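Here are the chains, one letter per residue:
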Amino acid sequence: MRLDKVIKTRRSIRKYKTKIPANKQIEKIINAGIYAPSAHNRQPWKIKIATNEEKQKIASELLKEKDKDKSVIRTSNIIKEVPVLLIIFHDKQDENKQHDLLSLGAFIENMHLKATDMHLGSLWIANTDYIKDEIKKITKTNLECISCLAIGYKSETPRKIKRKTKEDIIIS
């Protein structure tokens, strides 16, 4: 697909088929993330492909946070059902966190766009922020979970959402 088309057709997919993408497809998506720009070339990312057991535990922990944010119920269900869940971690512990977070956003966006290019659906999940400590325990790592990316064959085609125009966003 052409880049402009990938950018304009990317959607947040919340419903997936049960068919699991091939390992080669997931490798290509992760590889696209690796080529993201990063501040000072720090490349502050680590990634884990969640096992089924890890997905179920993350989904269960997330449900405990439903009083904070009702959207976690839907997110928990997505995590339970999505064929592939990538857990994105921050692997640096120093004063450059703000720069690293920007870099991690680019890393995730590259993977999101590559999934679209490969005709797969994806969802950038932010609600995992509520359970960072629990994710450390579930994944047996000391790294900070920044976000998750759900990936699979889509079983929905969300409508195009109205976007701001360049006139709305450019400050003169």
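Look above for the structure.
Not measured: the values here are computed from a predicted model.

Peer 1: Before we go on, may I ask you to explain the nonpolar core in this structure?
Peer 2: What tends to happen in soluble globular proteins is that the nonpolar side chains get buried as a cluster. Judged by nonpolar contacts, the single largest core of 21 residues is most densely connected at Ile58, Leu85, Ile87 and Ala150. When sequence neighbours within four positions are dropped, the list of residues in contact with Ala150 reads Tyr16, Ile78, Val82, Val84, Leu85, Gly121, Ser122, Leu123 and Ile125.

Peer 1: Explanation requested: the sheet that holds strand 3 (residues 121–125) in the structure shown.
Peer 2: Adjacent strands of a sheet form backbone hydrogen bonds with each other and so pair up, either parallel or antiparallel. Overall, antiparallel pairing links the 4 strands, which are arranged 1-2-4-3 in an open sheet. Both edges of this open sheet fall to strand 1 (45–49) and strand 3, since each of them pairs with a single strand only. Each strand axis lies, on average, 25° off the axis of its neighbour in the sheet, ignoring direction. Along the sheet, helix 5 (residues 97–117) contacts strand 1, strand 2 (84–90), strand 3 and strand 4 (144–152); its crossing angle with strand 2, the most-contacted strand, is approximately 160°.

Peer 1: Explain the pattern of salt bridges to me, please; I cannot follow it from the model alone.
Peer 2: Close approach of charged atoms lets side chains of opposite charge pair. Applying the stated criterion across every chain, the model contains 9 salt bridges. Asp100 serves as the salt-bridge partner of Arg42, at 2.8 Å between the closest nitrogen and oxygen. With Arg42 in the loop between helix 2 (23–34) and strand 1 and Asp100 in helix 5, the pair connects residues that are 58 residues apart, well separated along the chain. Residue classification places Asp100 among the buried residues on the basis of a relative accessible area of 0%. Lys48 is paired through a salt bridge with Glu54; the nearest N and O atoms lie 3.3 Å apart. What you see here is one network of salt bridges that share partners, running through Lys97, Asp129, Lys132 and Glu144.

Peer 1: Is there a simple way to explain the pairing of strand 4 in this structure?
Peer 2: In summary, the side chains of a regular strand alternate between the two faces of the sheet. Within strand 4, 9 of the 9 residues are buried, leaving the element largely enclosed by the surrounding structure. Sheet topology places strand 2 next to strand 4; 7 bridges connect them, and they run antiparallel. By the bridge assignment, Phe89 is partnered in strand 4 with Cys145. Direction of pairing for strand 3 relative to strand 4: antiparallel, over a ladder of 5 bridges. Paired with Trp124 across the bridge in strand 4 is Leu149.

Peer 1: Could you clarify how one ought to interpret helix 5 in this entry?
Peer 2: Along an α-helix, residues three or four apart share an orientation, since each turn contains 3.6 residues. Compared with the 30 Å implied by 1.5 Å per residue over 21 residues, the 30 Å span of helix 5 between its first and last C-alpha is a close match. Three or more residues of helix 5 are buried, namely Asp100, Ser103, Leu104, Ala106, Phe107, Ile108, Met111, His112, Leu113, Ala115 and Thr116.

About the thresholds
Residues numbered from 1 in each chain as written. Predicted model: local features only at pLDDT ≥ 70, side-chain atom pairs only at ≥ 80, totals over all residues. Heavy atoms only, no water. Core = buried A, V, L, I, M, F, W, Y, C linked by side-chain atoms within 4.5 Å. Buried < 20%, exposed > 50% of the residue type's maximum accessible area, 1.4 Å probe, protein only. Contact = heavy atoms within 4.5 Å. Pairing = 2+ DSSP bridges. Helix = DSSP H or I, 4+ residues; strand = E, 2+ residues; numbered from the N terminus. Axes fitted to C-alpha atoms, helices over the stretch in contact; angles between N-to-C directions. Salt bridge = Lys/Arg side-chain N within 4 Å of Asp/Glu carboxyl O. Expected span 1.5 Å × (residues − 1).

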